[in-house]
Amino acid sequence: RAAGMQALGLDGLDAGKRGAVLPHMLPSDDARARFAWREAPEIVDCCDITKPFRIEDARGEIVKFDWIVSTDCFEHLVTERLPMLLQNIDLHLAEDGFGVFEINSGTYYHIHQTVQPVSWWRDLFATRFEIDEERMQADFTYVRSKVEGGRLMYHDGTVEEYKSLFWVRKKA
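In this convention, every chain numbers its residues from 1, walking through the sequence in written order. pLDDT decides what is reported in this predicted model: residues at 70 or higher carry local features, side-chain atom pairs at 80 or more are listed and counted, and totals for whole chains, interfaces and linings draw on all residues regardless. Side-chain descriptors were evaluated using all non-hydrogen atoms of the structure, hydrogens and water having been removed beforehand.

Engineer: How would you explain the pattern of salt bridges if you had to name every residue and give the values?
Structural biologist: By definition, a salt bridge exists where a carboxyl oxygen of Asp or Glu is found within 4 Å of a side-chain nitrogen of Lys or Arg. Here the structure, examined in full by the defined rule, presents 10 salt bridges. Here Lys170 ties to Asp90 by a salt bridge, and the two come within 3.7 Å at their closest N and O atoms. Note that Lys170 is positioned in strand S9 (residues 163-170) and Asp90 in helix H4 (residues 82-92), a separation of 80 residues in sequence. In this structure Lys170 comes out as buried when scored by relative accessible area, which is 13%. Whether a residue is buried, partly exposed or exposed follows from its accessible area with a 1.4 Å probe, protein chains only, as a fraction of its type maximum: under 20%, in between, or over 50%, in that order. Among the residues examined, Asp90 registers a relative accessible area of 19% and is labelled buried. The partner of Lys170 in a salt bridge is Glu95, with the nearest N and O atoms 3.4 Å apart. Residue Lys170 is found in strand S9, and its partner Glu95 is found in strand S4 (residues 93-104); the two are separated by 75 residues along the sequence. Overall, the relative accessible area of 59% leaves Glu95 in the exposed class. Salt bridges sharing partners connect three or more residues here, namely Asp90, Glu95, Arg128 and Lys170. Secondary structure follows DSSP: runs of H or I at least 4 residues long count as helices, runs of E at least 2 residues long count as strands, and numbering of each begins at the N terminus.

Engineer: So what's going on with the sheet that holds strand S7 (residues 146-148)? Which residues, and what values?
Structural biologist: Pairing within the open sheet is antiparallel, and its three strands lie in the order S6-S7-S8. At either end of the open sheet lies a strand with only one pairing partner, and these are strand S6 (140-141) and strand S8 (151-153). Following DSSP output, two strands are said to pair if at least two bridges run between them. In terms of strand pairing, S6 meets S7 through two bridges, oriented antiparallel. Considered in S7, the bridge of Phe140 is made with Val147.

Engineer: How would you explain the pairing of S4 if you had to name every residue and give the values?
Structural biologist: Among the 12 residues in S4, 10 count as buried, and that is most of the element. The path from the first strand over the helix to the second decides the hand: if it runs clockwise while the strands point away from the viewer, the crossover is right-handed. Handedness of the crossover joining strand S3 (residues 65-70) and S4 through H4: right-handed. Note: S4 against S9, six bridges, orientation antiparallel. Each residue of the ladder has a partner; that of Asn104, found in S9, is Lys163.

Without other data, these values stay purely geometric and don't point to any function.
The structure is reproduced here in structure tokens:
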């Protein structure tokens, strides 16, 4: 922000399963002390990312972002709601922006509602975006993990066998 960058965090909470953000789902004081809530509470908000929404500036124009990053999200949502999430992302992604999506294709204690192979996720993203295969293989470090030699792993070097990191751009 000090460098003139605009950022916004959205936490979908349990909306993917229940269909709406209800008052009891709003973050507790304990939750606000963790993750993005702790780092930048003034830019994190709750919404149901699987329903249509618009982030607008003071003039009422849609805000476009250079980067939209999603970690540990898509697989927790009901499959039928994923197209609307992609539409929301497409609406808010700048023409030359990047989407970076971490996907877990494992069952993970039965909390993942959309468990599909990597090829299924690739096909889903390709319905709306161009997949940047070259960037997917490039070394990259982000908050939760890193990519080295085309393999997604935790920072301690443990390979995340069920996770993939997709880089996408708007279709021309």
